[in-house]
Amino acid sequence: MPAMLPEGECKLGCNREVDWKKRDDDTNDIIKLRMEVYHKETKPVLKYWEERDQLLRFVPYNGVDDMDKLVPLVENHLTNVSD
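This text gives an overview of the structure that appears in the document.

Scoring rules and cut-offs
Residues numbered from 1 in each chain as written. Predicted model: local features only at pLDDT ≥ 70, side-chain atom pairs only at ≥ 80, totals over all residues. Heavy atoms only, no water. Phe/Tyr/Trp six-rings, centres within 6.5 Å; stacked < 30°, edge-to-face > 60°. Buried < 20%, exposed > 50% of the residue type's maximum accessible area, 1.4 Å probe, protein only. Lys NZ or Arg CZ within 6 Å of the ring centre and 35° of its normal. Patch = residues over 30% accessible without salt bridge, like charges linked within 9 Å, V, L, I, M, F, W, Y side chains within 5 Å. Areas by Shrake-Rupley, 256 points an atom, 1.4 Å probe, with all protein chains shown as cover. Salt bridge = Lys/Arg side-chain N within 4 Å of Asp/Glu carboxyl O. Helix = DSSP H or I, 4+ residues; strand = E, 2+ residues; numbered from the N terminus. Polar contact = N/O pair within 3.5 Å; in protein donor to acceptor, adjacent residues only side chain to side chain. Contact = heavy atoms within 4.5 Å.

**Regarding the packing of aromatic side chains**
And then number 1: Taken as a whole and judged by the stated rule, the model has one aromatic pair.
And then number 2: Both rings, one in tyrosine 48 and one in tryptophan 49, keep their centres 4.9 Å apart while their planes meet at 90°; by these two values the pair is edge-to-face.
And then number 3: The class of tryptophan 49 is partly exposed, set by a relative accessible area of 39%.
And then number 4: Its guanidinium or amino end placed over the ring of tyrosine 48, arginine 52 lies 3.5 Å from that ring's centre, counting from NZ or CZ.

Laid out in structure tokens, this is it:
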């Protein structure tokens, strides 16, 4: 499912009072479950790679519009790792 970005331009420091679009499955129970799965399954993997200095972080602030920035970032990281 593609990201549901807020309308208009939004960078760091967005106004939290803005009416954000909400998916039907964004309920407290589902969000709680997602967080439990994150802490159990995802966080240990991130920690593993971070401890080995192999974790590449990328935040697409502009959603899919930032994806063209990801490929060069990954290629550069892989080049540096293999050296």
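Now, onward.
**A few points about a nonpolar patch on the surface**
And then number 1: The grouping of Ile31, Met35 and Tyr38 at the surface amounts to a nonpolar patch, some 250 Å² of accessible area in total.
And then number 2: Examined against the element boundaries, isoleucine 31 turns out to sit in helix α1 (residues 28-51).
And then number 3: Classification of isoleucine 31 as partly exposed rests on a relative accessible area of 37%.

**As for the pattern of salt bridges**
And then number 1: Per the counting criterion, the structure on display carries six salt bridges.
And then number 2: Between lysine 47 and glutamate 51 there is a salt bridge, with its nearest N and O atoms 3.8 Å apart. On the criterion of helical spacing, the pair formed by lysine 47 and glutamate 51 is a turn pair, its members being four residues apart in helix α1.
And then number 3: Lysine 69 serves as the salt-bridge partner of aspartate 66, at 3.2 Å between the closest nitrogen and oxygen.
And then number 4: A relative accessible area of 4% places aspartate 66 in the buried class.

**Description of the side chain of aspartate 66**
And then number 1: Tracing the chain through its elements places aspartate 66 in the loop between α1 and α2 (67-82).
And then number 2: Here asparagine 62 takes part through its backbone nitrogen, which lies 2.9 Å from a polar atom of the side chain of aspartate 66.

**Section: the environment of aspartate 26**
And then number 1: Structurally, aspartate 26 is set in the segment before α1.
And then number 2: Not counting residues within four places of it along the chain, the set of residues in contact with aspartate 26 comprises Ile31 and Arg34.
And then number 3: Within polar-contact distance, the side chain of aspartate 26 engages the side chain of arginine 34 at 3.0 Å.

**Section: the environment of glutamine 54**
And then number 1: Along the chain, glutamine 54 falls in the loop between α1 and α2.
And then number 2: Owing to a relative accessible area of 31%, glutamine 54 belongs among the partly exposed residues under this scheme.
And then number 3: Between the C-alpha atom of glutamine 54 and that of histidine 77, which follows or precedes it by 23 residues, the distance is 8.7 Å.
And then number 4: Ignoring anything within four residues of it in the chain, the contact list for glutamine 54 reads Trp49, His77 and Val81.

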